[in-house]
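Structure assessment
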Amino acid sequence: RRGSRRRMTARELAAPLSLSGRYADQGRAAAAAVEAWGAARGVSIEIHDDASDPEEAARIALALSRRFGVVLGPYGSGLSRAVAAALASTRTVVWNHGGAAITGARGRCVDVLSPAHRYWAALPRALSAIGVGIDRVAVASGTTAFGRTVAMGAERALLEAGSVPLCRLEFDESSAPAAAEAAMALGADVIVSGGRIEEELSLARAISGRGMIGALVVCGIRRAVEEIGSGLEGWLGPVQWTPVHGPPPIDIGPEPEYPAAQALAACLLLERSELRVSPPRQADEFWDAARQLRTRTFFGEYAVDREGRQLAHAPALVRWVRSEAGLRRVPVAMASDGSCLRQSGS
């Protein structure tokens, strides 16, 4: 129990984040948000590039755990699972802002964001809000655990709304066109999916301009419109945060994406949980405080169960609509209460 006696410091925070590799855009956005919080609060920030590699993220996190009782997790479910597993036998608390699909060993992992199975929880309400029926929807799953979990959640949301999906397809980057053809052959008006960015962009290209609505995870980020262009109009995507939830209390740049918001929210929640811990600060106390905390930030509601799994935060669904400035994202539904959000886009 040596770790339980480790003293904590509020003036230092460390994290493995992707400054290079396939998650570099999201990792750099998260790192910038963490550094902005550190500058505002006078906290020394130590960020190590995990190169978008799960093994490297786990190695870095394990090394950091020997010096820090609390660390921020990486971006991406695969990397977050690797870090959670690596630290499961330690007493270190991991604030998980970037992994929506963590399965297996979790250790002291505290979720900030909604789990992947809730990404499409509001899909039936979103389709209803835009005047599209839910009876002609195909569900497609990419090759990762994250993608399969997202697709499973979409299927569950449709079933709970009283509609059986036309089919459940699996696809990767190369087979995405064939999956699109199979969905269209069945008469699908909508194809909803979960997958890697590269997989979903391939699927998006296959259905663009062919009269279908894409409901894709990648449609939650601006990269989608950069890659697909005008064909994205009317499509849907899930996001963990939009400005509708509330503006960031610390400047994290113009038009921040949700990876930056998630990382800032983790820092704010860490800060609030720390207020519940009396000196000398110890890892056990931080773990208890994080699980007992019930609060709200600009990111939304926060409450976790005894294992650190998020219970309260609700993702939103956005739709790409045309404006004078080009395509923009407009929130159409949230998973919490199903209320339609008629707000300006992000």
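Heads up: the structure comes first, above all this text.
Attention here is on the structure that accompanies the text. (Residues numbered from 1 in each chain as written. Predicted model: local features only at pLDDT ≥ 70, side-chain atom pairs only at ≥ 80, totals over all residues. Heavy atoms only, no water.)

1. Observations concerning the pairing of strand 8 (residues 190-194)
Here strand 8 lies mainly inside the structure; 5 of its 5 residues are buried. As defined by bridge partners, strand 6 (residues 137-141) adjoins strand 8 across 5 bridges and the pair is classed as parallel. Within the sheet, the bridge partner assigned to Ser141 lies in strand 8 and is Gly194. Handedness of the crossover joining strand 8 and strand 9 (residues 213-215) through helix 7 (residues 197-207) is recorded here as right-handed. (Buried < 20%, exposed > 50% of the residue type's maximum accessible area, 1.4 Å probe, protein only. Helix = DSSP H or I, 4+ residues; strand = E, 2+ residues; numbered from the N terminus. Pairing = 2+ DSSP bridges. Right-handed = clockwise from strand over helix to strand, strands pointing away.)

2. Looking at the packing of helix 2 (residues 54-65) against helix 3 (residues 77-86)
One can describe the packing of helix 2 onto helix 3 by two numbers: an axis separation of 8 Å at closest approach and a directional angle of 40 degrees. Relative to helix 3, the element helix 2 lies oblique. Here the hand of the crossing between helix 2 and helix 3 comes out right-handed. Where helix 2 abuts helix 3, its residues Pro54, Ala57, Ala58, Ala61 and Leu62 lie against Gly78, Leu79, Ala82, Val83 and Ala86. Here the contact of helix 2 with helix 3 is built from residues that sort into 9 nonpolar, 1 polar and no charged. (Axes fitted to C-alpha atoms, helices over the stretch in contact; angles between N-to-C directions. Parallel < 35°, antiparallel > 145°, perpendicular 65-115°, else oblique. Left-handed = near helix turned anticlockwise from the far one by under 90°. Contact = heavy atoms within 4.5 Å. Nonpolar A, V, L, I, M, F, W, Y, C, P; charged D, E, K, R; others polar.)

3. A few points about the side chain of Gln240
Tracing the sequence through the fold places Gln240 in the loop between strand 10 (236-239) and helix 9 (258-274). Overall, the relative accessible area of 1% leaves Gln240 in the buried class. In terms of polar contacts, Gln240 uses its side chain to reach the backbone amide nitrogen of Ser114, at 2.9 Å. Setting aside anything within four residues of it in sequence, one finds Gln240 in contact with Ala100, Leu113, Ser114, Tyr119, His245, Tyr258, Gln262, Phe299, His313 and Ala314. (Polar contact = N/O pair within 3.5 Å; in protein donor to acceptor, adjacent residues only side chain to side chain.)

4. Quick look at the nonpolar core
Counting residues in hydrophobic clusters, the biggest one holds 114 residues, and the most contacted among them are Trp95, Trp120, Leu123 and Leu236. No other element matches helix 9, which puts 11 residues into this core. Here Leu236 is in contact with Trp120, Leu123, Ala126, Leu127, Ile130, Gly214, Ala215, Leu216, Cys219, Val318, Arg319 and Val332, once residues within four sequence places are set aside. (Core = buried A, V, L, I, M, F, W, Y, C linked by side-chain atoms within 4.5 Å.)

5. Some details on helix 5 (residues 145-160)
Between its first and last C-alpha atoms helix 5 spans 22 Å; for 16 residues at 1.5 Å apiece the expected length is 22 Å, and the two agree. The complete set of buried residues in helix 5 reads Phe146, Gly147, Thr149, Val150, Ala151, Gly153, Ala154, Ala157 and Leu158. Here the buried face of helix 5 lies against helix 3, helix 4 (123-129), strand 6, strand 7 (168-170) and strand 8. Residue Gly162 follows helix 5 closely and has a positive phi angle near 95 degrees. (Expected span 1.5 Å × (residues − 1).)

6. Re unusual backbone geometry
Here Ala51, not a glycine, exhibits a phi torsion of approximately 55 degrees, which is positive. Along the polypeptide, Ala51 turns up in the loop between strand 2 (44-49) and helix 2. Of note in this structure, Glu255 is not a glycine but carries a positive phi near 50 degrees. Structurally, Glu255 can be placed in the loop between strand 10 and helix 9.

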